Amino acid sequence: MMLRNTPFRMSQRAGLFSPVLAVLFTASACLAEETADGKKSQVKSEAADETTPVAKDETTPEWLPEGKWALDWSDEFSGEGELEKWYPLLGYNPPAFKKNEAKGIRWSGKTEESSHMYSVKSGHHWLNGDGQLVMRIVTDKTKKNEHGPRVEAAYLLTGYPEVWDKTEPNNAKWAGKFVSPKDGPLYISARVRTDQVVGWSTWFAFWLFSETRAYNGNPVDGTEVDMIEIPRGKHEYMDKVFNVANHWKSTGGSESLQFREKGTPPSTSFVDVTDSDYHTYGIEWSKESMKCSVDGKVYYTFAENIPTDPVDMMMFLTLEFKPNAWDPNQGDGRVEGPYVSDSPEMREMSRALVDFVRVYRKE
Ligand SMILES: [Ca+2]
């Protein structure tokens, strides 16, 4: 899902993919995604790469792609207390971030009052002492803006705005943990449980993203890579659905694929990411391709528009909310549909548990 996004519509598939790749696909329907300024990009529905080997044990967290891999970075989310390797998105102002005065907003309009959700410093993400990061997204019923009850969420990055820098596209230079396949292929994975991601118009996402160069039309220096997104909504097909995507331009520069158990057509290959198991979402990222896998089975391979020499791509773990961002009449989890818990002051719409994030480098 790009920063600017509006509902999908059914439409004919157009040729973003090579004919060679296309023959591997077993389903042909697609969804088109209409962006905020009215142009359509593509969201094809399903198609498994049947040529890819399947992991011996689909839940083994240590599954790795073929080859020899060395652990480069990881967060096992052990212990309690503050996160050390992840930063809540609190805006784009380096001095405010350094002074701990920054305030985060997301899906924003022109002002704080027109934001659909807020990323906040604390309160919605924590270590549970049992080896997992807990993330949640809630409606604070005591606060409102022009969109209604205010939504706050865990929205975590491995980077932060470090210093003003006029040579940077957005005048801010980012620091933190960046990832790049320039010096050799990477395998990046997250083990996540999402059975409590239930709120309508919420979704869980695990991304690679450049805050400065994602949508400049040049995939080489950084894009938005959605290693996994799990949206929820009142439509039956949204009971069990996930997608992967690469976005390199705000309009007309997207490649994405949706997998679903229900709907027309259903996917020929699918894993139920809404069950109570942990699932491992991985990407094997080289300068030639990005292979997105679930539990060691590759679901989709990006072969074009690869970020081959990204400047500041970092990892994201997020819960998000925007009414009908994925589909018209998706439902508003603030006031209807399932939820995790509810009180007069707050409704917890969705919750995710993250067991680890690991980055391996090919030797
Ligand atoms: Ca770019």
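Look a little higher up for the structure.
Presented here is an overview of the structure given in this document. It should be emphasised that the depicted structure is a prediction, and the values quoted were computed from it without experimental measurement. (Residues numbered from 1 in each chain as written. Predicted model: local features only at pLDDT ≥ 70, side-chain atom pairs only at ≥ 80, totals over all residues.)

Comments concerning the overall build of the protein
Next up, step 1: The helix and strand inventory of the protein stands at 2 helices and 23 strands.
Next up, step 2: A total of 363 residues make up the protein; the buried ones form 47% of that total. (Helix = DSSP H or I, 4+ residues; strand = E, 2+ residues; numbered from the N terminus. Buried ≥ 20, exposed ≤ 12 C-beta atoms within 10 Å, placed from the backbone.)

Some words on the pairing of strand 9 (residues 148–153)
Along any regular strand the residues' side chains alternate between the sheet's two faces.
Next up, step 1: Alignment of strand 6 (residues 118–119) against strand 9, held across 2 bridges, turns out to be parallel. Bridge pairing links Tyr-118 to Glu-152 in strand 9.
Next up, step 2: Judged from the 6 bridges that link them, strand 8 (residues 133–145) and strand 9 form a sheet pairing that is antiparallel. Bridge assignment links Lys-144 to a residue of strand 9, and that residue is Pro-149.
Next up, step 3: Here strand 8 hands over to strand 9 after 2 residues, the two strands then running antiparallel side by side. (Pairing = 2+ DSSP bridges.)

Topic: the environment of Lys-240
Next up, step 1: The topology assignment puts Lys-240 in the loop between strand 15 (224–231) and strand 16 (241–249).
Next up, step 2: Exposure remark for Lys-240: the 21 C-beta atoms within 10 Å place this residue in the buried category.
Next up, step 3: Sequence separation between Lys-240 and Gly-263 is 23 residues; the distance between their C-alpha atoms is 9.7 Å.

What about unusual backbone geometry?
Next up, step 1: Positive phi outside glycine occurs at Ser-201, with the angle close to 70°.
Next up, step 2: Among the residues examined, Ser-201 registers 28 C-beta atoms within 10 Å and is labelled buried.
Next up, step 3: In this structure, Asp-295 takes a positive phi of about 50° despite not being glycine.

Details of the environment of Ile-228
Next up, step 1: Examined against the element boundaries, Ile-228 turns out to sit in strand 15.
Next up, step 2: Look at Ile-228 and you get buried, because 26 C-beta atoms sit within 10 Å.
Next up, step 3: Here the alpha-carbon distance between Ile-228 and Ala-245, two residues 17 residues apart in the chain, equals 7.9 Å.
Next up, step 4: Setting aside residues no more than four positions away along its own chain, Ile-228 makes contact with Phe-206, Phe-242, Val-244 and Tyr-281. (Contact = placed C-beta atoms within 7 Å.)

Re the pairing of strand 13 (residues 186–193)
Next up, step 1: With 8 of its 8 residues buried, strand 13 lies for the most part within the structure.
Next up, step 2: Residues Leu-186, Ile-188, Ala-190 and Val-192 of strand 13 are buried on one face, and the alternating residues Tyr-187, Ser-189, Arg-191 and Arg-193, pointing to the opposite face, are buried as well.
Next up, step 3: As defined by bridge partners, strand 13 adjoins strand 18 (residues 279–285) across 7 bridges and the pair is classed as antiparallel. Along strand 18, the bridge assignment pairs Ala-190 with Tyr-281.
Next up, step 4: Relative to strand 23 (residues 346–362), strand 13 runs antiparallel, the two being bridged by 8 bridges. Residue Leu-186 lies in a different strand from strand 23, and its bridge partner there is Arg-361.

Notes on the environment of Tyr-215
Next up, step 1: Looking at the element boundaries, Tyr-215 is found in the loop between strand 14 (202–210) and strand 15.
Next up, step 2: Along the sequence, Tyr-215 and Lys-249 sit 34 residues apart, while their C-alpha atoms lie 4.0 Å from each other.
Next up, step 3: Beyond its immediate stretch of four places on either side in the chain, Tyr-215 contacts His-247, Trp-248, Lys-249 and Ser-250.

Functional significance is not addressed by these values, which are geometric in nature.
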